[in-house]
Amino acid sequence: MADCPFNSADENIADFIYRIGSQQQIVGNPADIPCMDYVNDEYNIIYTPLDTVTPISLARYSYYTVPGLFSLLDSSSMEASGILTTFAAPALGNRGRGTLIGIVDTGIDYTNPLFRYQDGSTRIAGLWDQSIPTGEDVIPPGVPAYYELSGASYGTEFTREQINQALASDSPLDLVPSTDTNGHGTFLAGIAAGGSLPEQDFTGAAPECEIIVVKLKQAKRYLREFYLVSQDADAYQENDIMMGIKYLRETAFRLGRPLIILIALGSNLGSHEGTSPLSSVVQDASRFLGRAAVIAAGNETGRAHHHFGTIPSGQEWDDVEIRVGPEESARGFSLELWASTADTYSVGFVSPSGEIISRIPIIARNETSIPFLLEPTVITVNYQLIESGAGKQLIFMRFRNPVAGIWKVRVYNTQYFTGEFHMWLPSEGLVSDETVFLRPTPDTTITLPGNTAAPITVGAYNHLNNSIYIHSSRGYTVGGLIKPDLAAPGVGVSGPAIGRRIGTSVPMTTRTGTSVAAAHVA
């Protein structure tokens, strides 16, 4: 559906992920859907005015129809990776020529010499900026809207020809106004696909490849409020990443080139079994000859965001303690409990002041809000007895304005099989460092979609002393898959920065994290 009666990226428009052929009820009659984007044969993205579908609640909508929020995964390496050795081998000559690296991230500084040929022309084969609205009042004359080319209802695509035209002008941003204000995407593009700068002793891993870039727009306000994520946090919507992968695939198909997809974002929420819509799209994109997906594993080890619990047979409950920091007091946070196999659980709570909320009865598709007498806190609990993706029970909890201190989630096993369960707090960047489990589990901390089977999932190590990066997320997946698949340099790695350039020199910075490692592998 190419023509929409509104800008689907607007803050007053709600986004839903719809699995084709499912029984999900979102807006009633399909004929009433005002705007929809096609992702692949399995998923569509539905857009509808926010005031017609509020309040957003798991009592009204199934878990995976509400887009999840994702954060960025980062906070001499070429030689350690063996990349320079392959450059020097005449029989190999693996410098990326004839291939495409597609990056879904914060954008790219397309004016950087690292992303240009020696004649000054661009190595970027396509750039879709989701943050720039379509329309002649925003886009300079002659710049086509992305949806006119590829079927999306928002954002703007800039072609190679338009980027070259901008680079040849005195004011490039007047013609192609796409920037990377964060620097994360530019850095990853430099590591994975940057050209060689002998005078600065720098080279990207595939300096002769071409690049496709998707600049993600920031998550909408209503989803941040639903997940209780700060309006200032770097957060990106699941459906936008899905649409970005679609753009990469369609561009590569149009150019007839092999494609490597680099995803360096992650989320802690979900079953951790590769059952989310984004995981399905990544899995599908990895199935074809000439396509590969490389995913950062995440930086969650040591962050105390995962708890693995076991309630022995005959024991009534287990208290899971969470220390809530003062930053969450002003806003809140979300929390998920996923049952193991056929177990069923219910929950109660103990506040820092000692107020006890007894076990909340399980009522399917029902949402219970619990106000506290001694604290200005409201906890919302939603039970999903069989979450449709994983086939297991999910308990979704929202702590609004929790007072700082030690909270206890009292977990009751109401149907015993193994007595095992997992709980996850949001990933780093979406919750403060002071909000943690007091009895955390460092394993099973790979972020979504890194726990998907087909893609190459990458952990990070320090190439200077051959030690594993302390925060590199660990496997296995909940389903027992061996992840991550390998590790690459990801500690103190030097790469391009955004900012003012002096002469031909490129400003450099260092970053650490599994996103940096994934860029090497891509």
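How each quantity is defined
Residues numbered from 1 in each chain as written. Predicted model: local features only at pLDDT ≥ 70, side-chain atom pairs only at ≥ 80, totals over all residues. Heavy atoms only, no water. Buried < 20%, exposed > 50% of the residue type's maximum accessible area, 1.4 Å probe, protein only. Helix = DSSP H or I, 4+ residues; strand = E, 2+ residues; numbered from the N terminus. Pairing = 2+ DSSP bridges. pLDDT = per-residue confidence, 0-100. Contact = heavy atoms within 4.5 Å. Polar contact = N/O pair within 3.5 Å; in protein donor to acceptor, adjacent residues only side chain to side chain. Core = buried A, V, L, I, M, F, W, Y, C linked by side-chain atoms within 4.5 Å. Disulfide = S-S within 2.5 Å. Salt bridge = Lys/Arg side-chain N within 4 Å of Asp/Glu carboxyl O.

Q: Would you mind showing me how to read the pairing of strand E18 (residues 344–350) here?
A: Along a regular strand, successive side chains alternate from one face of the sheet to the other. Counted residue by residue, E18 has seven buried out of seven residues, so it is predominantly covered. Of the two faces of E18, the one lined by Thr344, Ser346, Gly348 and Val350 and the one lined by Tyr345, Val347 and Phe349 are each fully buried. In the sheet, E18 pairs with strand E19 (residues 356–357) via two bridges, with the strands oriented antiparallel. Across the sheet, Val350 pairs through a bridge with Ile356, a residue of E19. Taking the residues between adjacent antiparallel strands as the criterion, E18 and E19 are bridged by five residues, where Gly354 takes a positive phi near 100 degrees.

Q: Please clarify how the sheet that holds strand E11 (residues 236–237) should be interpreted in this entry.
A: The pairing of strands in a sheet happens through backbone hydrogen bonds and is either parallel or antiparallel. Reading across the sheet, the three strands line up as E11-E4-E13 and stay open at both edges, with antiparallel pairing between neighbours. Strands with a single pairing partner mark the edges of an open sheet, and in this sheet they are E11 and strand E13 (265–266). Pairing geometry for strand E4 (residues 69–72) and E13, over two bridges, is antiparallel. Bridge pairing links Ser71 to Gly266 in E13.

Q: Looking at this model, I keep getting lost on the confidence of the model for the protein. Mind explaining?
A: When pLDDT drops low, the exact placement of atoms in the prediction is not to be read closely. Taken residue by residue, the protein gives an average pLDDT of 89. The fraction at 70 or more is 90%. Taken together, the stretch residues 136–150 has pLDDT below 50 and engages in 36 contacts with residues farther than four places along the chain or on a different chain.

Q: Hey, could you run me through the side chain of Arg410 in this one?
A: Summarising the element assignment, Arg410 is placed in strand E23 (residues 405–415). Here Asp319 takes part through its side chain, which lies 2.8 Å from a polar atom of the side chain of Arg410. Excluding residues that lie within four positions of it along the chain, Arg410 makes contacts with Trp317, Asp318, Asp319, Ser346, Val347, Gly348, Phe349 and Val350.

Q: Sorry if this is basic, but what is going on with the nonpolar core here?
A: The tendency in soluble globular proteins is for nonpolar side chains to be buried side by side. Counting 44 residues, the largest nonpolar core has Ile101, Ile108, Tyr110, Ile163, Leu262 and Val294 as the members making the most contacts within it. Ranked by residue count, the leading element in this core is helix H6 (residues 184–193), at six residues. When neighbours within four sequence positions are excluded, Val294 is seen to be in contact with Ile260, Ile261, Leu262, Ile263, Ile456, Val458, Ala518, Val521 and Ala522. Within the second largest apolar cluster, 38 residues are counted, among which are Ile17, Leu248, Ile263 and Ala293.

Q: Explain the state of the cysteines here, please?
A: Put plainly, a disulfide is one covalent bond tying together the sulfur atoms of two cysteines. Going through the model one piece at a time under the given rule, you end up with one disulfide. Across the disulfide from Cys4 sits Cys35; the S-S distance is 1.7 Å. Its S-S torsion of approximately 50 degrees makes the covalent link between Cys4 and Cys35 right-handed. Of this pair, Cys4 sits in the segment before strand E1 (13–19) while Cys35 sits in strand E2 (residues 35–38), placing them 31 residues apart in sequence. The exposure class of Cys4 is partly exposed, given its relative accessible area of 23%. Accessibility expressed as a relative area gives 0% for Cys35, which makes it buried.

Q: Just to check I follow, could you spell out the pairing of strand E12 (residues 259–263) for this structure?
A: Buried residues dominate E12, accounting for five of its five residues. With burial as the criterion, each face of E12 is covered, one bearing Leu259, Ile261 and Ile263 and the other bearing Ile260 and Leu262. The sheet contact formed by E12 and strand E14 (residues 291–296) spans five bridges and is parallel. In the sheet register, Ile260 faces E14, and the bridge partner there is Ala292.

Q: What exactly am I supposed to notice about the pattern of salt bridges here?
A: For side chains of opposite charge, pairing can occur when their charged atoms come near one another. For the structure shown, the criterion picks out 16 salt bridges. One salt bridge in this structure joins Glu208 and Arg97, with 2.9 Å as the shortest N-O distance. Within this pair, whereas Glu208 is found in the loop between strand E9 (202–203) and strand E10 (210–215), its partner Arg97 is found in the loop between helix H2 (83–88) and strand E5 (100–105), the two being separated by 111 residues in sequence. Classification of Glu208 as partly exposed rests on a relative accessible area of 25%. Among the salt bridges present, the one from Glu210 reaches Arg257, with a minimum N-O distance of 3.2 Å. Here Glu210 is found in strand E10, whereas its partner Arg257 is found in the loop between helix H8 (238–255) and E12, with 47 residues between them in sequence. Looking at Glu210, the relative accessible area reads 8%, which means it is buried.

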